[in-house]
Amino acid sequence: MRYLLCGAAAAALLAGPAAAQAPASGEEAMVSEVVVTARRKEEKVQDVPAAVTGISAEQMKDLGGLKDIKDLSYILPGLSFVDTGNINAENNIRGAGAGTARTAGVDSPIAVLRDGASITGGVIGGRTFTRLDLFDVERVEVTRGPQGALYGVNAVGGVMQAISQRPKSEFGGSLGAVYSPEIERRQIDAILNVPVPAANLGLRLGVQDVQREDGFFRNVYTGKAGDLEEFRAVRLAAEWNPLDSLRVFMVVDQSDELSTSNQVKSVNANNDKSLAATAFGPPDIDGPYAYAANTTNDVNRNVSSFNTQVEWDTPIGKLTSVTMLRKRTTLFSQENDQSAPGYASPPFPAATCATRVCSTLFADETELASQELRLAGDFGDAVTWMLGANLSGKQSDFFTILDGRTTSAVNLAPSPTANIASVSKEEELQKGVFGVLSWQATDALTLDGAVRYNNAEKKNDAYTVARQLGALSCVANYVDPLRVFAANPACVRSRALINDTFENVAPSVSVKYEIADNFRVFGSAAVGYRAGGFNGNSVLDPKIAASYQPEKNVAFEAGAKFELAGAFFTVTAFQNNFNDLLVTVDSIGPDAVSRNYRFNAGEAKTKGVDFEVFGGHRFGPGLGGISYNGAINYLTGEIDSGPYKGQKVEGSPEWTYTAALTYRRPLVKDWRVVTSVSYRGQRGGYTNTTKINNQVKLADFDVFNASVGVDNGRWRMALEARNLFDKTYVTLRDPTRDVYGDPREIRLSLSYAFGSEAR
């Protein structure tokens, strides 16, 4: 409780990351003009009639560096991070999106973009930003509330966008190292910025290398840590200005990472009190940081991407082209019985995992391609407009292999029915056109409207391959199921070929009124949606529908943005009205096998209030200054119709608190001390199950991070702590498990920058 009170007080006093910088010398207080592109154009966050948050690269450095989406989500207000303990995590904004039970196998409910192009897609490892996407960024933006008119499919709850750092006009570079002694984690970052004035060209090369040889979560069977990691990435950015009116910006990058599955951080727990304890087995006796496994729990993800933006100032307006190609390959190995010889196995998998080597292999290869064109102009000083069209395609090949099942505890021969490879091949083509119109009716009143039409064509090919079908041996096809048709099509069973087309129209309107220079009020109504899809296992159970319909959100928002006492405040109230809410439910088929599938549950509402503030203050000559930010967010929601009427909308905490404070003070000559602390807390809310019984409450927690260091704009040395008070906390609860967050990690960092990279 004391942390709740402290966190709430700090958030109320501080509140919402928005790239605020310390006041300039001689100023007692200052509100930064934060620039975002929430509406497909650059404008101050103060002028956007929506709840928008931006965090800059400088602020990320001051807070000790943010290595991944989990670090970032813990300081972004109103953003709930569904932390599964591995790469298959996702984000939730205002109740749009949820835990893995509700959204497994469907499109992301949050539009996630990098440099103007959507990057989500596929089954695993593609729900949110990868570490590569957050490397060498200029800023990250989050717009809360549906943005279907501007960003198309998936913008049900909002939009997240990472903006890459562009080459700078001055030669420079930086080299940084981070070391965590307890877990032997080493990270090297290198940046080289090279201008070529003669060719009106700028180049920027970035490299990151991470090695982690120890960890916090130990395998008691092998005696070694399981939460190891490797990460290597290289990025080349180029900007070419052949004409004053023409700019070309290109980013090419590639990364390879090795991490762990969520089994490493999971323990057995009976969190669903509506069912008997015997259904879930005994609680985990080893504690949160120990597990037993005799097979690997590794994840390897390889991402390569190409993005080009062309901006051309023509006589009729600015023409913008965004082209993106992205390929992601993920290999995932996970033990299912969470046990090893000599260690008790939970009762539910014991009969089929008698060999105690019982694992599931996942493989996902997803290719994304998109092209968008926008033309923006104006009719005098009062009216601006934008017209656009986009075309995007996705191809995803996914399979699982359930390996190690035996016919019985006595007969250890492989089971011909329990050892199954499942395949899902999906193709998707999205086509959309949109238009935006903004009218400044008076000096104080601005009206905005937008609309988008989207057409999604989807095809799905799903089937299974068993080890053996009668007298026919299918072992070779079972371990290579994607090529079964070329090798032995007789091994294919339960094939489902499904295709469908989904159409959507998403309008939005907003109004902004400037009561005074430092006080604005706004209101909006908008639609967000995500496309429908397929249940490939419908061929195995007649009760399962072959496809599900798109989920739609019609949202209303009203708020105010104002400056007071040297700080900038945003207060908003909102309500989301979901139609055809997507959930995951289960069904017992005619073969007595339980299968999960996607289902449109009906109507639902979520509503809440967001409160944010950011600013800075200088104390006087020689005393330094502070910059501060944070937020308090409240959310509640309920399903209004259908078979689950009256149940809570899950996946988001009821209360979230974020706060960050950075203090800078001069030392000697050009040296200064920089100290920062950030906080994330959450209370209330539920995690869903496949029965939508909502008996599993989200865990409450409070996490603090801190950093203290010195720098002179070129050299920087710092001592950093993640989970400063070493709290044991649960990041995710399912009916049968708890997933734990990392204990305290102490980091030592040293970096040197020169030229364009010095500050």
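See above for the structure.
Description of the structure in this document. (Residues numbered from 1 in each chain as written. Predicted model: local features only at pLDDT ≥ 70, side-chain atom pairs only at ≥ 80, totals over all residues. Heavy atoms only, no water.)

Things to note about the overall build of the chain
For step 1, the next point in the chain: From N to C terminus, the chain includes 8 helices and 46 strands.
For step 2, the next point in the chain: Residues classed as buried in the chain amount to 58% of the 759 residues present.
For step 3, the next point in the chain: Taking all contacts inside the chain whose residues are at least 6 apart in sequence as the whole, residues at least 24 apart take part in 69%.
For step 4, the next point in the chain: Carbon and sulfur atoms provide 59% of the accessible area of the chain, an area that totals close to 29500 Å². (Helix = DSSP H or I, 4+ residues; strand = E, 2+ residues; numbered from the N terminus. Buried < 20%, exposed > 50% of the residue type's maximum accessible area, 1.4 Å probe, protein only. Contact = heavy atoms within 4.5 Å. Areas by Shrake-Rupley, 256 points an atom, 1.4 Å probe, with all protein chains shown as cover.)

Digging into the pairing of strand β20 (residues 298-314)
For step 1, the next point in the chain: Relative to β20, strand β17 (residues 246-260) runs antiparallel, the two sharing 15 bridges. If you follow Asp-253 over to β20, its bridge partner there is Ser-305.
For step 2, the next point in the chain: Alignment of β20 against strand β21 (residues 317-335), held across 16 bridges, turns out to be antiparallel. Note that in β21 the partner of Thr-314 across the bridge is Gly-317. (Pairing = 2+ DSSP bridges.)

Things to note about the pairing of strand β23 (residues 383-403)
For step 1, the next point in the chain: Of the strand pairs in this sheet, strand β22 (residues 359-379) and β23 are connected by 21 bridges, and their pairing is antiparallel. Residue pairing for β23: Leu-373 is matched across the bridge by Ala-389.
For step 2, the next point in the chain: Linkage of β22 to β23, two consecutive antiparallel strands, is achieved through a turn of 3 residues, within which Gly-380 is found at a positive phi near 75°.

Describing the sheet that holds strand β19 (residues 290-291)
For step 1, the next point in the chain: Read from one edge of the open sheet, 3 strands run β15-β14-β19, paired in mixed fashion. On the outer flanks of this sheet lie β15 (224-225) and β19, each paired with one strand and no other.

Concerning unusual backbone geometry
For step 1, the next point in the chain: Although it is not a glycine, Asp-136 adopts a positive phi angle of roughly 55°.
For step 2, the next point in the chain: We classify Asp-136 as buried; its relative accessible area is 16%.
For step 3, the next point in the chain: Notably, Ser-494 is not glycine yet its phi reads approximately 55°, a positive angle.
For step 4, the next point in the chain: Within the secondary structure, Ser-494 sits in strand β28 (residues 492-516).
For step 5, the next point in the chain: Given a relative accessible area of 26%, Ser-494 falls into the partly exposed group.

Details of the pattern of salt bridges
For step 1, the next point in the chain: For the structure on display, the rule yields 47 salt bridges.
For step 2, the next point in the chain: Between Arg-204 and Glu-757 there is a salt bridge, with the nearest N and O atoms lying 2.8 Å from each other. Residue Arg-204 is located in strand β13 (residues 201-212), and its partner Glu-757 is located in the segment after β46 (745-755); the two are separated by 553 residues in the primary sequence. The burial state of Arg-204 is the same as that of Glu-757; both residues are buried.
For step 3, the next point in the chain: A salt bridge links Glu-720 to Arg-716; the shortest N-O distance between them is 3.5 Å. (Salt bridge = Lys/Arg side-chain N within 4 Å of Asp/Glu carboxyl O.)

Brief notes about the side chain of Thr-128
For step 1, the next point in the chain: Note on placement: Thr-128 falls in the loop between β8 (117-118) and β9 (137-144).
For step 2, the next point in the chain: What makes Thr-128 buried here is its relative accessible area of 7%.
For step 3, the next point in the chain: Polar contacts involving the side chain of Thr-128 include one to the side chain of Asn-91, which spans 2.7 Å.
For step 4, the next point in the chain: Thr-128 has contacts with Ile-69, Ala-89, Asn-91, Val-112 and Met-160, leaving out every residue within four places of it along the chain. (Polar contact = N/O pair within 3.5 Å; in protein donor to acceptor, adjacent residues only side chain to side chain.)

Points about the nonpolar core
For step 1, the next point in the chain: The biggest cluster of nonpolar side chains holds 23 residues, and the ones touching the most others in it are Ile-55, Met-60, Leu-72, Phe-129, Val-140 and Met-160.
For step 2, the next point in the chain: The set of elements that each furnish at least two residues to this core consists of α3 (69-73), β5 (79-82), β7 (110-114), β9 and β10 (158-164).
For step 3, the next point in the chain: For this core, the element with the most residues is β9, which contributes 3 residues.
For step 4, the next point in the chain: Sequence-distant contacts of Leu-72, defined by excluding residues within four places in its chain, comprise Ile-55, Met-60, Leu-66, Leu-134 and Val-140. (Core = buried A, V, L, I, M, F, W, Y, C linked by side-chain atoms within 4.5 Å.)

Examining the packing of aromatic side chains
For step 1, the next point in the chain: Across all of its chains, the model carries 21 aromatic pairs by this definition.
For step 2, the next point in the chain: Note on Phe-332 and Phe-362: the rings are 5.2 Å apart at their centroids and 75° apart in plane angle, and the pair reads as edge-to-face. Placement of Phe-332 in strand β21 and of Phe-362 in strand β22 is noted, with a sequence separation of 30 residues between them.
For step 3, the next point in the chain: Overall, Phe-332 belongs to the buried group, its relative accessible area being 7%.
For step 4, the next point in the chain: The class for Phe-362 is partly exposed, based on a relative accessible area of 21%.
For step 5, the next point in the chain: Consider the rings of Phe-562 and Phe-569, whose centres lie 5.2 Å apart with planes at 10°: the pair is stacked.
For step 6, the next point in the chain: Since its relative accessible area comes to 18%, Phe-562 is described here as buried.
For step 7, the next point in the chain: Members of the aromatic cluster, connected to one another through ring pairs, are Phe-171, Trp-715, Tyr-752 and Phe-754.
For step 8, the next point in the chain: In this structure, Arg-94 is placed above the aromatic ring of Phe-574, and the distance from its NZ or CZ to the ring centre is 4.0 Å.
For step 9, the next point in the chain: Here the guanidinium or amino end of Lys-561 rests over the ring plane of Phe-522, the centre of that ring lying 5.7 Å away. (Phe/Tyr/Trp six-rings, centres within 6.5 Å; stacked < 30°, edge-to-face > 60°. Lys NZ or Arg CZ within 6 Å of the ring centre and 35° of its normal.)

Describing the sheet that holds β8
For step 1, the next point in the chain: The strand order across the open sheet built from 5 strands is β4-β9-β10-β7-β8, with neighbouring strands paired in mixed fashion. Both edges of this open sheet fall to β4 (51-56) and β8, since each of them pairs with a single strand only.
For step 2, the next point in the chain: Relative to β8, β7 runs antiparallel, the two being bridged by 2 bridges. Residue Arg-114 lies in a different strand from β8, and its bridge partner there is Ala-117.

Some details on empty space enclosed by the protein
For step 1, the next point in the chain: Evaluated as defined, the whole model comprises 9 cavities of 30 Å³ or more.
For step 2, the next point in the chain: Within this model, the largest cavity holds a volume of roughly 770 Å³.
For step 3, the next point in the chain: Taken together, 42 residues line the largest cavity, and the ones lying closest to its centre are Lys-67, Asp-68, Lys-70, Arg-131 and Lys-265.
For step 4, the next point in the chain: Top element by residues in the lining of the largest cavity is β17. It accounts for 4 residues.
For step 5, the next point in the chain: When grouped by side-chain class, the residues that make up the lining of the largest cavity number 13 nonpolar, 10 polar and 19 charged.
For step 6, the next point in the chain: Phe-81, Val-82, Gln-682, Leu-698 and Thr-731 are the residues nearest the centre of the second largest cavity, which is lined by 17 residues in total.
For step 7, the next point in the chain: At the level of elements, β5, β39 (672-683), β40 (686-687) and β44 (730-734) are the ones that each hand at least two residues to the lining of the second largest cavity.
For step 8, the next point in the chain: In terms of residue count, β5 provides more of the lining of the second largest cavity than any other element does, 3 residues in total.
For step 9, the next point in the chain: Of the residues belonging to the lining of the second largest cavity, the class tally is 8 nonpolar, 6 polar and 3 charged. (1 Å grid on protein atoms, 1.4 Å probe; cavity = no way out; pocket = protein on both sides within 12 Å on 5 of 7 lines; lining within 4 Å. Points joined across faces, edges and corners; volume = space filled by probe spheres on them. Nonpolar A, V, L, I, M, F, W, Y, C, P; charged D, E, K, R; others polar.)

Some words on the state of the cysteines
For step 1, the next point in the chain: Evaluated as defined, the whole model comprises 1 disulfide.
For step 2, the next point in the chain: Cys-474 shares a disulfide with Cys-491; S-S distance 2.1 Å. With the S-S dihedral at roughly -90°, the linkage between Cys-474 and Cys-491 falls on the left-handed side. Placement of Cys-474 in the loop between β27 (472-473) and α7 (475-478) and of Cys-491 in the loop between α8 (484-487) and β28 is noted, with a sequence separation of 17 residues between them. With respect to class, Cys-474 is no different from Cys-491; both count as buried. (Disulfide = S-S within 2.5 Å.)

Read these as layout, nothing more, since geometry by itself doesn't imply function.
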